[in-house]
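Commentary on secondary and tertiary structure
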Amino acid sequence: MKAIVSIENATKDYRLGKVVVNALRGVSIDVARGEFLSIAGPSGSGKTTLLTLIGCVDTPTTGTVEVAGRDTAKLSERELTSLRLNTIGFIFQSFNLVGVLDVFRNVELPLLLQRSLSAGERSKRVLSLLERVGLMEHVRHRPNELSGGQRQRVAIARALVTRPELVLADEPTANLDSVTGQNILDLRKELNRSEHSTFIFSTHDARVMSHASQIVRLADGKLAEGISTGPTVSELHEVSSAKA
Amino acid sequence: MAGFLDTFGVVAQIALRNLFASRWKTLIVGGIIGFGAFLVVLGTSLLDSVDRAMSRSIIGSIAGNIQVYSSESKDDLDVMGGFSFDANQIEPLQDFARVKRTLLSVPNVSKVVPMGINGALVLSGNTVDQALARLRETVNKQKAAPNDSALADAYASEKDHVRQIVSVLSGDVEKARKLHDEKAIAAEDISVMKRASAAEFWADFDADPFDHLEFLENRIAPLATDADMLFLRYVGTDPKAFAQSFDRLTIVDGQAIPEGKRGFLFSKYTYEEQAKLRTARAFDKIHDGLKVRGKKIKGDADLERIARECGNQAKELMLQLDAPKTRLFRDKLQAYLKSGESDVRKLLDQFLRLNDENFDSRHAFFYRELAPSLELYRVRIGDTLTIKAFTRSGYVQSANLKVYGTFAFKGLEKSPQAGAMNLMDLVSFRELYGFMTEDKQREISAMRAKSGAKEVKREDAEAELFGNAEASAPAPAAAAPDDLGTALSGLSRTGSARAASTAAYAADQLTSGVILNAAVLVHDDKKLPETIAAIEAAGKRDGLPLKAISWQKAAGLIGQFAVLMRVVLFTAVLIIFVVALVIINNALVMATLERVRELGTLRAIGAQRRFILSMLVLESMVVGLVFGALGTALGAALVLFLGHQGIPAANDVFMFFFSGPRLYPALSGQNLGIALGIVLIVSVISSFYPAFIAMRVSPREAMQSED
């Protein structure tokens, strides 16, 4: 089976005034369908930049990024947007819910943009998702009436409502307490099982990494030495000692 | 389709929620837009109403729908303004019959009225002159019938009246001498006055009345300053055609100029304003101010001035009082004022000191008790008015015309603009303007033959008069070429002018002959431009130099008033909306910058740019529509209210613009549409730049961490 994400020697330069920042300096990763990839690394290592390339929000300066078999550098703005809408679900670090819309509408939003389902189908799908994330009592609430964890679950529901092949999350547990963070991870596991989606999380939360099927470490815009396919022994040890 | 509606639904939902979320911004932007819409509705409705009212005023009073004059004229025709003598050089059209035939060949033309407009200064008779003239006439009659006792009584009374006038004038000169520097009054005037007031003068009067009368006429009468210059603007026309075409014309006093007769009709406004006794006019004006406009004398600058001036007008009444009237006035005023004062002048002075408390009673007393004994107007209906006007070539021509009455235009009774124009027959107008009728030319040539005057060209006039030594013989008649190139003598001129007052004229003189302009009335006033073009084309076809202009142009500045106001209004609206545009734009840009993360998120989860664009434009349109509709409704409500109540004309000028004492503005769907259209366009345009910024927001913005 072909990889859903295939990155070949991708670089990304940003211009900040007169300074050129080399956010990524040649990264190559392949992610197979159904996998759970965790991107680790300290702040400023290029995690978010890598995520924007995978998420078709940006294109690489050099190298290639293929998502669902399409070279993002060769796509137009419209095609990229369309790819994001139909293939990718985003979970943002600070949730980014639309403040003026209620929970139901927030989750429904991507479906409305897709314009492919009838109102009834949309409603059914939104409600079933909200039930799974345990927000049935908050369907008509506005985001500012919800707790951080509840908002995160709304964000997850929104990311999954289109049944995307690829779910991206940027530090999904960074703003959450450890219990809620764990719930999120359980939810992911369950969804992975039922929807067979591919998950790519950027994180420096060891607990998140412990669930990943593959971990890549970034440092200074490059992959750190030694790519592991699963948590290392020492990391597992860290996790267990953290739990203890 | 369903998909589109659903998307629109969410766009609308986000847009509306956003508007509610940022209430202050929405209210400010909406307030400006609403105010703009309100102003547009109110302004355009008022202007349309004024336009309609003014067109009624102008078309209905003199201009007609279209004015036609010679295209060879140096100046533009201005039937309303042009208050100086040489303002409008209008070339004459030689044959009205031809002009009328050509005009009536244009399908939309219904009526044609011949016209000529000019102005003249007219000296109204002064009381002293009139009193002296009456006395002289009586003296003459007495010569013929020395034993008539009625004549003797009249003689005594008139002599008394003249003596009274002399004493009033002498009192004035004395007062002036005290008030001013002694030298300001000519010593001669004082000695003349002394002689005329002296008892011996009057004792000798009976012995040689003519000698004494001559002295009074030549030396005393000029010292009386109550003679008034009337400035009269008049239109010479076919009175019957005029009355038929301008159906707002009504005769107020007297009668219309009879068919085929020369004559003059005062506009009632001019007659009241210029010919009425100042005292009476002051009573009228204050009465109008108090009763019609609900003002008070005290505190109103205008009324205070009129009341003050009225207090100094006793003299003009005094000059009218002969001995019996003096006694009558003394008795009545003594009783009314409960005063023991025996000097009528002092009683009148006291009576004419008007204020808010005494006005009503004195106004009633004046008209009930005093006015019947007074000549209220300097020119009476039925009098003959001597009009001296400058002809086109600049010499003075005069005509004596009977004043048949006064007229007014319905609804415009108090409008100075409509009331400035008086009426005379076209034949007299032509004479005053320097055109000869055939009759008159015959008369002149006959006179010329008799007096031996010869035709002199303008260039040769000087040589004929002074340079040429051979020109001896009887003093050559002063040569002043008229417009037809005929020189005519001063003698013949006055001679013929005297005859004018009584002479009738043939009907064909009105239907043919020279005119300056013509008023054209049309069947369908919506087709004015086409009709104007058709008239000029018909003129070309028939070899007539016709220029046709709409009533707006013909009324000069006044006609352009509505256009001018429209320009002012739309400039104001434009400025308001440009300011609104800037403010709205800024508010929306700020709002957009506040929403960068939300917009980035929408883009990241798959919203296309046009979704963002339509969302922001929709926001602006909703604000524009809701507040625009609110402003429009408010404006419409005010217009409807004003349409019901009417806007009172604040002064006489507004009477003209309002075509009556009140303006009733009407609402038109067109104005509402214009207002809504403008606000919608403005709000959409003002959202373009912010929407552009919003469109450029990168989906990366959603990935930035919160700090």
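Computed from a prediction, not measured in an experiment: that's the story for all the values here.

Re the environment of Ala221(B)
Examined against the element boundaries, Ala221(B) turns out to sit in the loop between α8 (209-220) and β3 (229-237). A sequence separation of 93 residues divides Ala221(B) from Val128(B), and the C-alpha atoms of the two residues are 5.9 Å apart.

Observations regarding the packing of helix α2 (residues 23-63) of chain B against helix α29 (residues 669-696) of chain B
Residue and element names in this part refer to chain B. Running from N to C, α2 and α29 cross one another at 150 degrees; their axes reach a closest spacing of 9 Å. Put simply, α2 runs roughly antiparallel to α29. Classified by chirality, the crossing of α29 by α2 is right-handed. Seen from α2, the contacting residues are Ile33, Gly36, Ala37, Val40, Val41, Thr44, Ser45 and Asp48; seen from α29, they are Asn671, Leu672, Ile674, Ala675, Leu676, Ile678, Val679, Val682 and Ser683. Across the contact of α2 with α29, the residue classes break down as 11 nonpolar, five polar and one charged.

Quick look at the pairing of strand β7 (residues 396-409) of chain B
Residue and element names in this part refer to chain B. The buried fraction of β7 amounts to 10 of the 14 residues, a majority that puts the element mostly inside the structure. Relative to β7, strand β4 (residues 249-254) is paired through five bridges, and the arrangement is antiparallel. Bridge assignment links Ile251 to a residue of β7, and that residue is Phe407. In this structure, strand β5 (residues 264-267) lies alongside β7, joined through four bridges in parallel fashion. By the bridge assignment for β7, Leu265 is matched with Gly405. In this structure, strand β6 (residues 384-390) lies alongside β7, joined through seven bridges in antiparallel fashion. The residue bridging Lys388 from the neighbouring strand is Ser398, located in β7.

A few points about helix α26 (residues 596-604) of chain B
The element α26(B) is largely enclosed, with a buried count of seven among its nine residues. Among the residues making up α26(B), those that are buried are Glu598(B), Leu599(B), Gly600(B), Thr601(B), Leu602(B), Arg603(B) and Ala604(B). Against the buried residues of α26(B) lie α2 (77-87) and β6 (88-91) of chain A together with α27 (609-645) and α29 of chain B. In the segment just after α26(B), Gly606(B) is the residue with positive phi, at about 115 degrees.

Thoughts on unusual backbone geometry
All names here are of chain A. If you check the backbone angles, Ala68 has positive phi at about 50 degrees while not being a glycine. In this structure, Ala68 sits in the loop between β4 (62-67) and β5 (70-71). The exposure class of Ala68 is buried, given the 20 C-beta atoms found within 10 Å. Its identity is not glycine, yet Arg163 carries a phi of approximately 50 degrees, on the positive side. As for its placement among the helices and strands, Arg163 is situated in the loop between α5 (148-160) and β7 (166-170).

Brief notes about the nonpolar core
In this structure, Ile54(A), Ile91(A), Val107(A), Ala157(A), Leu168(A), Ile200(A) and Ile33(B) are the most contacted members of the largest nonpolar core, which totals 110 residues. Leave out the neighbours within four places in its chain, and Ile200(A) touches Val31(A), Leu37(A), Ile39(A), Ile54(A), Leu166(A) and Leu168(A).

A word on the sheet that holds strand β10 (residues 222-223) of chain A
Pairing is mixed in the open sheet, where six strands are placed in the order β6-β7-β8-β3-β9-β10 (chain A). Across the chains shown, the open sheet's two edge strands, defined by having one partner strand only, are β6 and β10 of chain A.

Quick word on the interface of chain B and chain A
Across the contact, 25 residues belong to chain B and 26 residues belong to chain A. Listing elements by their share of the side of chain B that touches chain A, those giving two or more residues are α1 (2-21) and α26 of chain B. Examining the composition of the side of chain B that touches chain A, we find that 10 residues originate from one element, α1(B), more than from any other. Taken together, the residues that form the side of chain B that touches chain A break down as 10 nonpolar, eight polar and seven charged.

Here we look at the sheet that holds β4(A)
Think of a sheet as strands paired side by side through backbone hydrogen bonds, with each pair either parallel or antiparallel. Residues and elements named next belong to chain A. Ordered by their spatial adjacency, four strands build an open sheet running β2-β1-β4-β5, and the pairing between neighbours is antiparallel. Two strands in the sheet have a free side with no partner beyond their single neighbour: β2 (19-31) and β5. As paired elements, strand β1 (residues 5-16) and β2 share 10 bridges and run antiparallel to each other. Residue Lys12 lies in a different strand from β2, and its bridge partner there is Leu24.

Observations regarding the environment of Ser361(B)
Along the chain, the position of Ser361(B) falls in helix α16 (residues 359-370). In the structure, Ser361(B) is positioned 25 residues away from Tyr336(B) in sequence and 9.9 Å away in space, judged by C-alpha atoms.

Details of the confidence of the model for chain B
Residues and elements named next belong to chain B. Per-residue pLDDT for chain B has a mean of 80; in total, 86% of the residues score no lower than 70. Across chain B, β5 holds the top mean pLDDT of 92, while strand β10 (residues 487-488) sits lowest at 36. Here residues 83-87 is modelled with pLDDT under 50, and outside its nearest four sequence neighbours on either side it reaches four contacts, counting other chains as well. The low-confidence segment residues 468-501, where pLDDT is below 50, has 63 contacts with residues more than four positions distant or belonging to other chains.

Each value, and the rule that gives it
Residues numbered from 1 in each chain as written. Chains lettered and ligands numbered in written order. Predicted model: local features only at pLDDT ≥ 70, side-chain atom pairs only at ≥ 80, totals over all residues. Helix = DSSP H or I, 4+ residues; strand = E, 2+ residues; numbered from the N terminus. Axes fitted to C-alpha atoms, helices over the stretch in contact; angles between N-to-C directions. Parallel < 35°, antiparallel > 145°, perpendicular 65-115°, else oblique. Left-handed = near helix turned anticlockwise from the far one by under 90°. Contact = placed C-beta atoms within 7 Å. Nonpolar A, V, L, I, M, F, W, Y, C, P; charged D, E, K, R; others polar. Buried ≥ 20, exposed ≤ 12 C-beta atoms within 10 Å, placed from the backbone. Pairing = 2+ DSSP bridges. Core = buried A, V, L, I, M, F, W, Y, C linked by C-beta atoms within 7 Å. pLDDT = per-residue confidence, 0-100.

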